[in-house]
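# Secondary and tertiary structure notes
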Amino acid sequence: MKLSTYIICVILLICCEAKDKPVYENIPCNPQTISTLNIFKPCRQYIYKATYKDADLNLISDEYIRMIATGKNWEMQPEFQKELIIQYHYKEALIDQIADHNINKSYPKNEWIKKEVTGVIEDKYTVWMHPFRANQYMFTEVACFPTVQLPLETGKNWESNLNIYEGWGDWSNSKVKNKYEVLEFETVDTPFKKLNAWHIIGTSSAPFGVSTHHFWFNSEYGFVKMEIKNYEGQLLIFELESVTD
């Protein structure tokens, strides 16, 4: 390949990558905020790669999610949870095509959002967060939430329940029973880097079906990989791509 041709190819590649790179709204945050949190440090930025596939493993969407903890108390439950900002990247032209795969057929059609404010818990007993559940990821609401009960050890297990009320379409007025089990401490490969993490499986049973959630928890970076298979067999994978303090 001639040098000039090679240079043109490199320039085109860089331009394409820059064009597809997500652009997020700036989140005001003070890194000097006093905090005892190790994972959800004030202003720490997490970028996740989100890959969504149908039951035959055909790609539905391939996007990015940014997560930032502000260090503030979450206004919905200020005594227990810290504020977390989740920002979603997606291609506007593909919304209808992706939304056709929604497994909750009677849920009212909502406008997709770019940002949501939610909460997290991190203390010496528990690390817990709401899942990424906006837009095409809504079914994570009826799968086990990312959570660990400390300390962790192979074979440890726990349970929780989720009551779903009116307004949730097919899921309204139902109960989801969640069971968690710690499988092992292992090395998991993420786009960010290889990390030592606890591998945990969560099984969620509901009248409309069973969902499974494999996730990997690292004591420094939290939930570094999450693989959710919903009750229709669709697969959703969140992988940590970068961390910026």
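Reading the values: the criteria
- Residues numbered from 1 in each chain as written.
- Predicted model: local features only at pLDDT ≥ 70, side-chain atom pairs only at ≥ 80, totals over all residues.
- Heavy atoms only, no water.
- Helix = DSSP H or I, 4+ residues; strand = E, 2+ residues; numbered from the N terminus.
- Rg over C-alpha atoms; globule rule 2.2 N^0.38 Å.
- Buried < 20%, exposed > 50% of the residue type's maximum accessible area, 1.4 Å probe, protein only.
- Contact = heavy atoms within 4.5 Å.
- Areas by Shrake-Rupley, 256 points an atom, 1.4 Å probe, with all protein chains shown as cover.
- Pairing = 2+ DSSP bridges.
- Axes fitted to C-alpha atoms, helices over the stretch in contact; angles between N-to-C directions.
- Phe/Tyr/Trp six-rings, centres within 6.5 Å; stacked < 30°, edge-to-face > 60°.
- Lys NZ or Arg CZ within 6 Å of the ring centre and 35° of its normal.
- Disulfide = S-S within 2.5 Å.
- pLDDT = per-residue confidence, 0-100.
- Polar contact = N/O pair within 3.5 Å; in protein donor to acceptor, adjacent residues only side chain to side chain.
- Salt bridge = Lys/Arg side-chain N within 4 Å of Asp/Glu carboxyl O.

## Quick word on the overall build of the chain
- Summing up its helical and strand segments, the chain has 2 helices and 12 strands in all.
- Helices (α) and strands (β) of the chain occur, in sequence order from the N terminus, as α-β-β-β-α-β-β-β-β-β-β-β-β-β.
- Compactness check: the chain gives a C-alpha radius of gyration of 19 Å against a globular reference of 18 Å for 245 residues, within 12% of the reference.
- For the chain, the spread of C-alpha atoms along the three principal axes comes to 60 × 45 × 35 Å.
- Across the 245 residues of the chain, 48% fall into the buried class.
- Contacts in the chain between residues at least 24 apart in sequence constitute 55% of all its contacts with a sequence separation of at least 6.
- Total accessible area on the chain stands at roughly 13400 Å², and carbon and sulfur atoms take up 52% of it.

## Observations concerning the sheet that holds strand E10 (residues 209-218)
- In spatial order, the strands read E6-E5-E4-E3-E2-E1-E12-E11-E10-E9-E8-E7; together these 12 strands make up an open sheet with antiparallel pairing. Taken across any chain shown, the strands that pair with only one partner, and hence form the sheet edges, are strand E6 (147-149) and strand E7 (157-164). When the angles between neighbouring strand axes are averaged without regard to direction, this sheet yields 25°.
- Summarising the sheet, E7 and strand E8 (residues 174-189) pair through 8 bridges and their orientation is antiparallel. When the sheet's bridge partners are listed, Asn163 is paired in E8 with Lys175.

## Describing the packing of aromatic side chains
- Enumeration according to the criterion identifies 18 aromatic pairs in this entry.
- Cluster of aromatic residues (ring-pair linked, three or more members): Tyr46, Tyr48, Tyr88, Phe132, Tyr137 and Phe238.
- The ring of Tyr90 is capped by Lys114, whose NZ or CZ atom sits 4.1 Å from the centre of that ring.
- It is Lys225 that lies over the ring of Trp216; its NZ or CZ is 5.4 Å from the centre.

## Some points on the state of the cysteines
- The tally for this structure, following the rule as stated, stands at 1 disulfide.
- What pairs with Cys29 in a disulfide is Cys43, and their sulfur atoms sit 2.1 Å apart. Its torsion about the S-S bond being -105°, the disulfide of Cys29 and Cys43 is classed as left-handed. Of this pair, Cys29 sits in the loop between helix H1 (3-20) and strand E1 (45-53) while Cys43 sits in the loop between H1 and E1, and the two are 14 residues apart along the sequence.
- When its relative accessible area of 18% is taken as the criterion, Cys43 is described as buried.

## Side note on the confidence of the model for the chain
- Taken over all residues, the pLDDT of the chain has a mean of 91, while the share at 70 or more is 92%.
- Within the model, pLDDT remains below 50 along residues 5-19, and this stretch shows 1 contact once partners closer than five positions in the same chain are excluded.

## Examining unusual backbone geometry
- Omega for the peptide link from Leu150 to Pro151 comes to -5°, which places this bond in the cis form.
- Secondary-structure assignment places Pro151 in the loop between E6 and E7.
- For Cys43, which is not glycine, the phi dihedral falls at a positive 75°.

## Digging into the side chain of Arg44
- Here Arg44 shows up in the loop between H1 and E1.
- For Arg44, a relative accessible area of 2% puts it in the buried group.
- Within the structure, Arg44 has its side chain in polar contact with the backbone oxygen of Ile39 (distance 3.3 Å).
- Within the local environment of Arg44, its side chain forms a polar contact with the side chain of Asp245, the two groups lying 2.5 Å apart.

## Comments concerning the pattern of salt bridges
- For the coordinates displayed, the defined rule picks out 9 salt bridges.
- Across the pair Lys114 and Glu92 runs a salt bridge, and its minimum N-O distance is 3.9 Å. Within this pair, whereas Lys114 is found in the loop between helix H2 (95-99) and strand E4 (115-122), its partner Glu92 is found in the loop between strand E3 (82-88) and H2, the two being separated by 22 residues in sequence.
- Looking at Glu92, the relative accessible area reads 52%, which means it is exposed.
- Across the pair Glu227 and Lys225 runs a salt bridge, and its minimum N-O distance is 3.4 Å.
- By sharing partners, the salt bridges in this structure join Lys225, Glu227 and Glu239 into a single network.

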